[in-house]
Amino acid sequence: MKKYKDYIEVTQTFVRKFLSSGSGNPVIITLTDEDGYVLDLAGDPAIIETVRELGIGEGIGYSEHNGPSSVHLCLRHKRPFRLVGEDHYHHILQRMACYSAPFRSEDGLRILGTLSLMTDIEYEHPHLLALLCTMADSLEREMFTRKQNTQLQTLNQVLMDTKYHGSSLPTAAGGF
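Residues numbered from 1 in each chain as written. Predicted model: local features only at pLDDT ≥ 70, side-chain atom pairs only at ≥ 80, totals over all residues. Heavy atoms only, no water.

### Looking at the overall build of the protein chain
Counting its regular elements, the protein chain contains four helices and five strands. Secondary structure elements of the protein chain, listed N to C terminal, follow the sequence α-β-β-α-α-β-β-β-α. Taking the intrachain contacts of the protein chain between residues at least 6 apart in sequence as the baseline, contacts between residues at least 24 apart amount to 52%. Per element, the accessible surface of the protein chain, about 10900 Å² overall, is 55% carbon and sulfur. (Helix = DSSP H or I, 4+ residues; strand = E, 2+ residues; numbered from the N terminus. Contact = heavy atoms within 4.5 Å. Areas by Shrake-Rupley, 256 points an atom, 1.4 Å probe, with all protein chains shown as cover.)

### Observations regarding the pattern of salt bridges
Counted according to the given criterion, the structure contains five salt bridges. Across the salt bridge formed by Arg146 and Asp6, the nearest N and O atoms sit 3.7 Å from each other. Placement of the pair is Arg146 in helix α4 (residues 127-161) and Asp6 in helix α1 (residues 5-19), with a sequence separation of 140 residues. For Arg146, a relative accessible area of 24% gives the class partly exposed. In this structure Asp6 comes out as partly exposed when scored by relative accessible area, which is 31%. Across the pair Arg146 and Glu142 runs a salt bridge whose closest N-O atoms are separated by 3.2 Å. Highlighted residues: Arg146 and Glu142, both in helix α4, separated by four residues, approximately one helical turn. Salt bridges here are not isolated pairs; linked through shared partners, they connect Asp6, Glu9, Glu142 and Arg146. (Salt bridge = Lys/Arg side-chain N within 4 Å of Asp/Glu carboxyl O. Buried < 20%, exposed > 50% of the residue type's maximum accessible area, 1.4 Å probe, protein only.)

### A closer look at the side chain of Thr11
Within the fold, Thr11 resides in helix α1. Residue Thr11 is classed as buried on the basis of its relative accessible area, which comes to 4%. Those residues in contact with Thr11 that sit more than four places away from it in its chain are Leu31, Leu115 and Leu139.

### Thoughts on the sheet that holds strand β3 (residues 81-84)
The five strands lie next to each other as β2-β1-β5-β4-β3, forming an open sheet whose pairing is antiparallel. Whereas interior strands pair on both sides, the edge strands pair on one side only; in this sheet they are β2 (38-43) and β3. On average, adjacent strands in this sheet sit at an angle of 15° to one another, irrespective of strand direction. Bridge analysis of strand β1 (residues 27-33) against strand β5 (residues 111-120) gives seven bridges, and the strand direction is antiparallel. Bridged to Thr30 within β5 is Ser116. Contacting β1, β2, β4 (96-104) and β5, helix α2 (residues 45-53) runs over the sheet at an angle of about 145° to β2. (Pairing = 2+ DSSP bridges. Axes fitted to C-alpha atoms, helices over the stretch in contact; angles between N-to-C directions.)

### Observations regarding unusual backbone geometry
A positive phi is found at Lys78, a non-glycine position, where the angle reads about 60°. With respect to the helices and strands, the residue Lys78 is situated in the loop between α3 (70-77) and β3.

### Here we look at the nonpolar core
Judged by nonpolar contacts, the single largest core of 25 residues is most densely connected at Tyr7, Leu31, Phe103, Leu115, Leu117 and Leu139. The residues touching Leu31, leaving out its near neighbours within four places in the chain, are Tyr7, Ile8, Thr11, Tyr37, Val38, Leu39, Asp40, Phe103, Thr114, Leu115 and Leu139. (Core = buried A, V, L, I, M, F, W, Y, C linked by side-chain atoms within 4.5 Å.)

### Concerning α2
Regarding α2, the residues found buried are Ile47, Ile48 and Val51. Seen end-on, α2 carries its buried residues on one side only, within an arc spanning 100°. Facing away from the buried side of α2 by over 90 degrees, the exposed positions are Pro45, Glu49 and Glu53. Buried residues belonging to α2 abut β1, β2, β4 and β5. Residue Gly55 follows α2 closely and has a positive phi angle near 90°. (Arc of directions from axis to C-beta.)

See below:
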């Protein structure tokens, strides 16, 4: 869980901005790890309550044994996925539209987890998958930027701690 601390923080920022946009649509957004375990969820309280009644919450994993889910399919096929209505195995989820997009490691080779969105079927729209993919891309870029900033801060600290500064370097005999 510790390795995902920054991912959770960044995702929560994105989710707050998305939910505050005034869309009024009942949605829930989840973050999972590479094995499909829920790390964080946020969104409409009514949908969160329904999802928790189904036994879905932090620490719970999506797997093939539970029937198809957008999270499981996204991880398995390594691409964005959506399930709408009767695509769902569970009867209660047949009133829902679920979308999942992977987010990857810096080299783009390894999937680190998924961002997923669930909403009532009446709010289903293909653009929601595109929006989720954009959020996953933004998450990847933000994590890359944070890593670069940390490296630059470390380099700056090393330079500041070095005894030799530009003005105190020794000059060659008979200098310029």
